[in-house]
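Reading the structure
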Amino acid sequence: MRFRGNTQFASAVGVVLGLLCAVEAAKVNKHKPWIETTYHGIVTENDDKVLLDPPLIALDKDAPLRYAGEICGFRIHGQNVPFEAVVLDKSTGEGVIRAKDKLDCELQKEHTFTIQAYDCGEGPDGANMKKSHKATVHIQVNDINEYSPVFKEKSYKATVIEGKKYDSILKVEAVDADCSFQFSQICNYEIVTPDVPFTVDKDGFIKNTEKLSYGKERMYKLTVTAYDCGKNRASEDVLVKISVKPTCKPSWQGFNKRIEYEPGTGSLALFPSMHLETCDEPITSIRADIDLETNHIGKGCDRDTYSEKSLHKLCGASSGTVELLPAPSSSANWTVGLPTDNGHDSDQVFEFNGTQAIKVPDGLVSTNLKEPFTISVWMRHGPGAHEKETILCNSDKTEMNRHHYSLYVHNCRLILLRRQDPSEAENYKPAEFHWKLDQACDKEWHHYVLNVELPTVSLFVDGTTFEPFLVTEDYPLHTSKIETQLTIGACWQGGNARMAQFFRGNLAGLMIRSGKLENKKVIDCLYTCKEGLDVQLPAEVASAVKVEFNPNQSSLTVEGDDIDAFDKVMQHISYLNSRQFPTPGIRHLRISTTVKCFNEESCVTVPDAEGYVMVLQPEEPKISLSGIDHFARSAAEFESQEGVTLFPELRIVSTITREVEADTESEAAEGADDDPTVQETVVSEEIMHNLDTCEVSVVGDELDGEHEGLEVDMSQLQQHGLEMSSSNLGLVITGVNTMANYEQVLHLIRYKNWHTEALFDRKFKLVCSELNGRYISNDFKVEVNVIHTASPVDHANNAMVQPNFINPVHHASVDLSGHNLVNAHQASVVPSAATVVIVVCVSFLVFMIILGVFRIRAAHQSTMRDQESGKENEMDWDDSALTITVNPMETYEDQHSSGEEEEEEEESEDGEEEDDITSAESESSEDEEGAEPEDQQGASRQQQLEWDDSTLTY
């Protein structure tokens, strides 16, 4: 049963298959063409032939039937495919793919599309054509080396630091437009410039082959080219500039080491162009200390060089100050033997070498110095021996060695000893005050002020208060009648009659003032320098930077974290010297800088910057004293209560000499523009400044205090704040004041003499100075003559034997030095009336004789001129080259001689009336009243010397 069913199924399948075979047999083109599923091709740009792998071949199972078994074509599918497929052999189905146009690899390197083959169908009309499946074609366009390398930049720049070898300074880079790896890659770079210390690798990195030097070459210019892998060279070479910088060292830049300061110009910016170079290191904070070193100038800096006493007055100190170390002079000669600085440009200081000391004259300082009192001194002292070194000491003059009070240095300690007086209560009281000070041994100048008011003593060092670290007590001294001796530089041992405890160092301005203490304002004024640093903070950086000064403004500190603001502050730091005549010389400058960085390990270090301020020599003033230097007064005036004024018309003038360029406008007017040289003219300019001393000294014998002396109005002195000291050598006026006030005071100096019988004349010398003798005037000498008068009745019988006293004024013309003592009897003889009458008669006779001679000579000359004019009318010649010589002195001499005789006659007639007129008055009257007549007389004489040449033929 089962077998039977299977037989029926097989029969049915066979029937179906048979029907299908019958249908297929009835068709001609039974199969579709066949091609590969994928093709890969290569084509070279600028070429159209594509090499395929595998080759393009289509197969058809209908072959060898005509049409049905032949391949008629290939069809490409895709948009804008630049290729076409062509059948080479229909029977074999072989074909090729080729480019329609020239391909550009740079535009498109690969192409992908599909291709399909189709047969010829069943007949020539292509009916019932069959197509193959679609195959994918990948075609790569091969590149040719048609482009050259081109650099990305037109030029390259780099900067290197000298002394360093770099792995790479910069990179040059070129590109190639070719599409292929081979031709688009740059295989090599080359430096074309020969003999340069650089090299370039294949990747374009340039480095130096040796360490470069900024001094040798500051910039290198290189020419570099490139090659692609097809060995094409770059179309244009490129220029590479490499600059060499000096080694970057963190430092202050734009700082002039020498800075010139001209006196009187105010403040001068020290660092107007300075900035801090940090070499790009990130900075968190900056601190700079600017120090102006003035220790070598005077007593630590430039100060007014007036005497210490004058400086105390200028600073407002009360009177009563005694100067123990004055400049040597005729009135203060106890410091003559001490070595000084041998100059007047700066303060005068005294040197004590351990073997020298001076005794202060008795009476200069009160023996019983009462409290309160002040001691002030300038001192420079270095580390010394372990012995006491006395600055000031008041001890027993004889018998014993007791020290009443003293100021000394011992082991860098300043010690003040003040023993109680015997009259005081006999109990313990503070006697020694010790201060341990570094300033006492640092070899620098310091200002010390001690205000003593027991039981306390205040010490000020450079204006700063110091408290004593040790105070010892002692009993008062025993009662004694022994006088005391005040010494400086050592202590007098009265029992041994020798000096001990010598000082080694420099002292200046040692002062004692009893009865009152110095206040802080005066102390600061005495210490304040006239020179220092200054800064005007710009408003925009005032809050970003902190500035601090030391007391004498010789150093300042600047702190901040903004470099730009810091630089601006530094650029506004200035030097100022307010003295009219500053001390010339060098002031060294030092800038010490500390910086902090984010990375403390690699933080930069800024070296110190050093320079100096050169204060130029000020134009020195020339102080000139002028006035009447020779006059006479009657003896009665010398003996009067007022005396004789020595300098009635004194004039004090100070001038400086400057060199200025000639006026360009005047030069142009005079045609000076043709001369390229610059002309300078020396001009004198009057200036005003103070004086501090004027000394009037007698020339010749010293003043005899019993019958002569110099006096001045003390009220006027006190009104101008001046002081006067006198001796048998003259008088000295001291104090800082204007030249005008000194003139007023000097006008009041009078000379008196109560015994003029034997005095004929007296000579004096006046000298003024400024700044403690730095600038000294000329020596102005005045000679005063004494005119002696007496009654005409005296010695009338001697009139005929004393003709030499006819004109007593002639004594003034005798050149005598000092004062001359003549016989009193002769000095009192005066011409009588008879002598005067005789002289008048003789003079009149001489005058008449001369007048007659003059008239005879004038008549003779008139006759000669008439004869000459007659001859001229008679004679006729060529006078074109005529030379005329005229002697104009003939008429002038005659007239002058007659004029002199007339003047002599008038003088002789008026002699009696003018006996009591001084020569000074006569000279001044001649200067004032006689000026106009002399001018008129000169004009008349000039008219006699001239003639009318308007009609003269040359």
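Below, the structure is looked at part by part. Since this is a predicted model, take the numbers as computed values, not measurements.

Looking at the sheet that holds strand β50 (residues 708–711)
In spatial order, the strands read β46-β53-β50; together these three strands make up an open sheet with antiparallel pairing. Unpaired on one side and paired on the other, β46 (644–645) and β50 mark the two borders of the sheet. When β46 meets strand β53 (residues 750–753), the two strands line up antiparallel, connected through two bridges. In the strand pairing of β53, Val644 is matched with Tyr751.

A short note on the side chain of Thr593
Tracing the backbone shows Thr593 in strand β42 (residues 585–597). In this structure Thr593 comes out as buried when scored by relative accessible area, which is 8%.

Overview of helix α9 (residues 739–746)
Think of an α-helix as turning once every 3.6 residues; residues three or four places apart then point the same way. Judged by how many residues are buried, α9 sits mostly within the fold: six of eight residues are covered. Here α9 has its buried residues at Met739, Asn741, Tyr742, Glu743, Val745 and Leu746.

Considerations on unusual backbone geometry
For residues that are not glycine, phi is negative in most cases, and the peptide bond is trans in most cases. Residues Ala63 and Pro64 are joined by a peptide bond in cis, for which omega reads 10°. Checked against the element boundaries, Pro64 lands in the loop between β2 (51–53) and β3 (71–77). Omega for the bond connecting Leu454 with Pro455 falls within 30 degrees of zero, at 15°, which places this linkage in the cis form. Mapping Pro455 onto the fold places it in the loop between β30 (445–453) and β31 (456–461). Of note in this structure, Asp195 is not a glycine but carries a positive phi near 55°. Relative to the elements of secondary structure, Asp195 occurs in the loop between β12 (186–191) and β13 (198–200). The phi dihedral of Glu399 is positive, around 70°, even though this residue is not glycine. When its relative accessible area of 64% is taken as the criterion, Glu399 is described as exposed.

Here's the deal with the state of the cysteines
Scanning the entire structure with this criterion turns up nine disulfides. Paired by a disulfide, Cys315 and Cys525 hold their sulfur atoms 2.1 Å apart. Between Cys315 and Cys525, the S-S dihedral sits near -70°, and the bridge is therefore left-handed. One end of the pair, Cys315, is in the loop between α3 (308–314) and β22 (321–323); the other, Cys525, is in helix α4 (residues 520–527), and 210 residues separate them in sequence. We classify Cys315 as buried; its relative accessible area is 14%. Judged by its relative accessible area of 33%, Cys525 falls in the partly exposed class. Residue pairing for Cys393: its cysteine sulfur links by disulfide to Cys491, the two sulfurs lying 1.8 Å apart. You can see Cys393 sitting in strand β26 (residues 389–396) and its partner Cys491 sitting in strand β35 (residues 491–493), a full 98 residues away along the chain. Side by side, Cys393 and Cys491 carry an identical accessibility label, which is buried.

Calculation rules
- Residues numbered from 1 in each chain as written.
- Predicted model: local features only at pLDDT ≥ 70, side-chain atom pairs only at ≥ 80, totals over all residues.
- Heavy atoms only, no water.
- Pairing = 2+ DSSP bridges.
- Helix = DSSP H or I, 4+ residues; strand = E, 2+ residues; numbered from the N terminus.
- Buried < 20%, exposed > 50% of the residue type's maximum accessible area, 1.4 Å probe, protein only.
- Disulfide = S-S within 2.5 Å.

These figures come from the coordinates and say nothing about function on their own.
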